[in-house]
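Below are the chains, spelled out letter by letter.
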Amino acid sequence: MAGKQLNHHHRTLPRFRSKTIISTLIISSFSLLVILYTFPPSVSSPYPSDQTETSFVASLEQFLIHKAPKLTSPVRDDTVRGGSDDGDIRKLDEMVFERENRWLSEDPGYPVGFPVKVYVYEMPKKFTFDLLWLFHNTYKETSNATSNGSPVHRLIEQHSIDYWLWADLISPESERRLKSVVRVHKQEEADFFYVPFFTTISFFLLEKQQCKALYREALKWVTDQPAWKRSEGRDHIFPIHHPWSFKSVRKYVKNAIWLLPDMDSTGNWYKPGQVSLEKDLILPYVPNVDICDAKCLSESAPKRTTLLFFRGRLKRNAGGKIRAKLGTELSGVKDVIITEGTAGEGGKLAAQAGMRRSLFCLCPAGDTPSSARLFDAIVSGCIPVIVSDELEFPFEGILDYKKVAVIVSSSDAIQPGWLVNHLRSLKPSQVKNFQKSLAQYSRHFLYSSPAQPLGPEDLTWRMIAGKLVNIKLHTRRSQRVVKGSRSICRCDCWRANSTTPNSLSHLLS
């Protein structure tokens with residue numbers, strides 16, 4: 001009997017152990033799930049803590065030293081290294097026709113749709129990486145200044161839109177966040193062609209004749225491409241964000257899309273007919289000051305005791321002459337601060353502090369209709385007061401600047417007492433609405449790496465997408481219109497935006 005019980009015990013023991021093991025595994029698995037849920041594993045990212053970088057100098061350092069050496073194209077780029085002939089152009093045109101004809105049949109949204117397909121030229125390094133390294137190796141030389149005293153390297157930072165766009169386009173797709181644009185590696189697949197030439201760096205950091213020679217080389221290199229010859233440059237994008245950059249050869253690329261700081265229809269910077277809202281695109285300056293985030297806005301709200309603030313140069317040319325008049329009119333007025341200042345590091349900190357203590361920031365015209373001050377004010381939570389009759393705004397097809405800025409005419413602004421009285425007459429609810437919109441809009445003016453959805457890089461491609469159909473129209477039309485005919489379609493009706501009254505108003509009413 002005892003032997004039978006012993007045998008029975010040995011037969012049931014494995015079953016008992018099996019149940020114990022299963023129970024232990026279940027409990028262990030549950031515990032592991034709890035730990036994983038509570039403390040999720042870190043995912044490797046090219047940017048620590050998956051943070052974005054908005055400093056041009058810091059981002060450039062990361063790009064040149066850590067990112068650029070690893071950049072490799074997944075397919076062979078078909079950029080033409082030498083000259084091209086008519087056969088190359090016809091071959092490309094035929095491939096483009098086959099692609100577009102197929103999409104017309106298969107895609108109900110064609111030719112309007114996302115993402116925009118951009119071909120990035122693989123230009124020689126002397127036009128790209130060498131210029132970025134030149135800035136990187138010299139940016140600490142703050143004594144380098146323009147004739148009017150502006151620090152050269154800070155000017156380059158303000159106009160560094162060429163870097164931010166290019167750095168995003170050539171990043172591996174796994175690191176990119178924008179859905180509005182995709183890089184393609186075959187020219188026949190492209191909607192647009194991006195020319196990654198750093199025109200502003202070359203203008204400010206090269207000797208004059210060396211710069212002009214480099215401009216001519218870049219011009220020849222681009223205009224030798226079959227894609228350029230096919231469209232006469234209409235679908236090519238040139239970052240020409242400083243008014244002086246690429247100036248000696250701009251007339252040869254007038255059909256291309258220029259990425260500009262403003263239009264300046266006075267003719268001081270661009271020749272008549274060179275720029276237009278139909279063809280080109282206005283991009284915001286890179287802000288000089290740090291963003292005042294949600295916490296900063298909350299903490300600075302009770303400290304905004306200054307009604308109107310301005311710090312900058314009061315003596316300017318062209319439309320900027322309004323600055324001296326405003327300085328005279330507003331000097332000594334209660335709750336108004338108007339001071340002369342520069343754009344150096346000390347000037348940046350003083351401007352940033354002043355903007356964060358003010359309700360309104362005066363943004364008059366400078367040598368050109370625009371200035372970085374507008375975007376400094378927006379990211380500082382300071383309501384811009386814009387006095388620049390010829391100013392065109394970035395991304396105005398998407399953004400409504402009447403929601404974030406007080407826009408007044410120059411003739412009103414210089415009337416004794418008018419501007420301050422106008423600002424004091426705004427209701428507290430109107431001021432709150434401006435501030436609320438500023439908090440929402442600031443993200444649209446922060447360039448960053450990686451580029452963010454709804455940031456300026458994203459809005460750039462959304463705006464450019466709207467030009468595609470018209471570009472195709474003019475490209476095909478130019479291929480069939482008889483040379484020398486008078487049948488030239490132009491947008492001669494375009495005129496500058498102006499806040500001054502229309503002299504013909506009485507005839508039209």
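Residues numbered from 1 in each chain as written. Predicted model: local features only at pLDDT ≥ 70, side-chain atom pairs only at ≥ 80, totals over all residues. Heavy atoms only, no water.

Draft legend 1. Structural context of the overall build of the protein chain. Across its full length, the protein chain carries 19 helices and eleven strands. Residues counted as buried form 47% of the 509 residues belonging to the protein chain. In the protein chain, of all internal contacts separated by at least 6 residues, the share reaching a separation of at least 24 is 73%. Accessible surface, the protein chain as shown: approximately 26500 Å² in total, 55% of it carbon and sulfur. (Helix = DSSP H or I, 4+ residues; strand = E, 2+ residues; numbered from the N terminus. Buried < 20%, exposed > 50% of the residue type's maximum accessible area, 1.4 Å probe, protein only. Contact = heavy atoms within 4.5 Å. Areas by Shrake-Rupley, 256 points an atom, 1.4 Å probe, with all protein chains shown as cover.)

Draft legend 2. Fine view of the nonpolar core. One finds Phe63, Phe197, Phe238, Leu308 and Phe360 to be the most contacted residues of the largest nonpolar core, which totals 122 residues. Apart from residues lying up to four places away in sequence, Phe238 is in contact with Val195, Val222, Trp228, Phe246, Val253, Ala256, Ile257, Trp258 and Leu259. (Core = buried A, V, L, I, M, F, W, Y, C linked by side-chain atoms within 4.5 Å.)

Draft legend 3. Seen up close, unusual backbone geometry. Geometrically, the link from Ser449 to Pro450 is a cis peptide bond, its omega value of -5 degrees lying close to zero. The backbone phi angle of Glu232 is positive, close to 55 degrees, even though this residue is not glycine. With respect to the helices and strands, the residue Glu232 is situated in the loop between α9 (226-231) and β4 (236-239). On the accessibility criterion, Glu232 (32% relative accessible area) is partly exposed.

Draft legend 4. Representation of helix α8 (residues 208-223) within the structure. A rise of 1.5 Å per residue sets the reference length of α8, with its 16 residues, at 22 Å; its end C-alpha atoms lie 23 Å apart and thus fit the reference within 8%. Turning to α8, its buried residues number three or more, namely Cys211, Leu214, Tyr215, Ala218, Leu219, Trp221 and Val222. Projected down its long axis, α8 carries its buried residues within an arc of 165 degrees, all on one side. Structural note: α8 exposes Gln209 and Lys220 on the side pointing more than 90 degrees away from its buried face. Elements that come into contact with the buried residues of α8 comprise α4 (129-138), α7 (199-205), α9 and β4. (Expected span 1.5 Å × (residues − 1). Arc of directions from axis to C-beta.)

Draft legend 5. Fine view of the sheet that holds strand β2 (residues 181-184). If you walk across this open sheet you meet the six strands as β2-β1-β3-β4-β5-β6, and the pairing is parallel. Where the open sheet ends on each side, the last strands, each with one partner, are β2 and β6 (281-282). Against the sheet, helix α6 (residues 161-169) engages β1 (116-120), β2, β3 (192-194), β4 and β5 (257-260), with an angle of about 115 degrees to β3. (Pairing = 2+ DSSP bridges. Axes fitted to C-alpha atoms, helices over the stretch in contact; angles between N-to-C directions.)

Draft legend 6. The arrangement of the state of the cysteines in detail. Counted by the stated rule, this structure contains two disulfides. A sulfur-sulfur distance of 1.9 Å marks the disulfide that ties Cys292 to Cys296. Since a negative S-S torsion denotes a left-handed disulfide, the Cys292-Cys296 link at about -95 degrees is left-handed. An identical accessibility class is assigned to Cys292 and Cys296; each is buried. Here the bonded cysteines of the protein chain are numbered in sequence order, and their pairing is 1-2, 3-4. Not engaged in a disulfide, the cysteine Cys363 finds its nearest cysteine sulfur in Cys361; these two sulfurs lie 6.3 Å apart. (Disulfide = S-S within 2.5 Å.)

Draft legend 7. Local environment of the sheet that holds strand β10 (residues 383-387). Strand order in the open sheet formed by five strands is β8-β7-β9-β10-β11, with parallel pairing between adjacent strands. Either end of the sheet is taken by a strand with one partner, and the two such strands are β8 (336-340) and β11 (406-407). With two bridges joining them, β10 and β11 adopt parallel strand pairing. Within β11, the position partnered with Val385 by the bridge is Val406. Contacts from helix α11 (residues 322-330) reach β7 (306-312), β8, β9 (358-364) and β10, with the element oriented near 145 degrees to β9. Set on the sheet, helix α13 (residues 373-380) makes contact with β7, β9 and β10; between it and β9 the angle comes to about 165 degrees.

Draft legend 8. Focus on the environment of Leu468. Among the structural elements, Leu468 can be located in helix α18 (residues 468-480). Sequence separation between Leu468 and Pro111 is 357 residues, and the spatial gap between their C-alpha atoms is 7.8 Å. If we ignore the near neighbours within four places in the chain, the residues touching Leu468 are Pro111, Asp191 and Phe192.

Draft legend 9. Geometry of the pairing of β1. The element β1 is extensively covered by neighbouring structure, given that four of its five residues are classed as buried. In the sheet, β1 pairs with β2 via four bridges, with the strands oriented parallel. Across the sheet, the residue bridging to Tyr119 is Val184, located in β2. In this sheet, β3 lies alongside β1 in parallel orientation, the contact comprising three bridges. What sits directly across from Val120, in β3, is Tyr194.

Draft legend 10. How the structure looks around the pattern of salt bridges. This model, assessed by the stated rule, comprises 17 salt bridges. In this structure, Glu100 engages Arg99 in a salt bridge whose closest nitrogen and oxygen atoms are separated by 3.3 Å. Given the relative accessible area of 7%, Glu100 is considered buried. Linking Lys348 and Asp290 is a salt bridge whose minimum nitrogen-to-oxygen distance equals 3.8 Å. Of the two residues, Lys348 sits in helix α12 (residues 345-356) while Asp290 sits in the loop between β6 and α10 (294-300), which places them 58 residues apart along the sequence. (Salt bridge = Lys/Arg side-chain N within 4 Å of Asp/Glu carboxyl O.)

Draft legend 11. Region of interest: the environment of Ile398. The residue Ile398 is located in the loop between β10 and β11 in this model. Ile398 gets classed as partly exposed once you look at its relative accessible area, which sits at 41%. Sequence-wise, Ile398 and Met463 are 65 residues apart; in three dimensions their C-alpha atoms are separated by 7.9 Å. In this view, Ile398 contacts Leu459, Arg462 and Met463; residues no more than four positions away in its chain are not counted.

Draft legend 12. Up close: the packing of helix α2 (residues 56-67) against α4. Contact geometry for α2 and α4: axes closest at 11 Å, N-to-C directions at 130 degrees. Accordingly, the angle class assigned to the pair α2 and α4 is oblique. Helix-helix and strand crossings are classified by hand; for α2 and α4 the assignment is left-handed. Contacts from Phe56, Val57, Leu60, Glu61, Phe63, Leu64 and Ile65 of α2 reach α4 at Phe129, Leu132, Trp133, Phe135 and His136. Across the contact of α2 with α4, the residue classes tally to ten nonpolar, one polar and one charged. (Parallel < 35°, antiparallel > 145°, perpendicular 65-115°, else oblique. Left-handed = near helix turned anticlockwise from the far one by under 90°. Nonpolar A, V, L, I, M, F, W, Y, C, P; charged D, E, K, R; others polar.)

Draft legend 13. Highlighting the confidence of the model for the protein chain. With 79% of its residues at a pLDDT of 70 or more, the protein chain shows a mean pLDDT of 83. Per-residue pLDDT stays below 50 along residues 1-22; that stretch engages in zero contacts with residues further than four places along the chain or on separate chains. This stretch, residues 503-509, has a pLDDT under 50; its non-local contacts, to residues over four places away or in other chains, come to one contact. (pLDDT = per-residue confidence, 0-100.)

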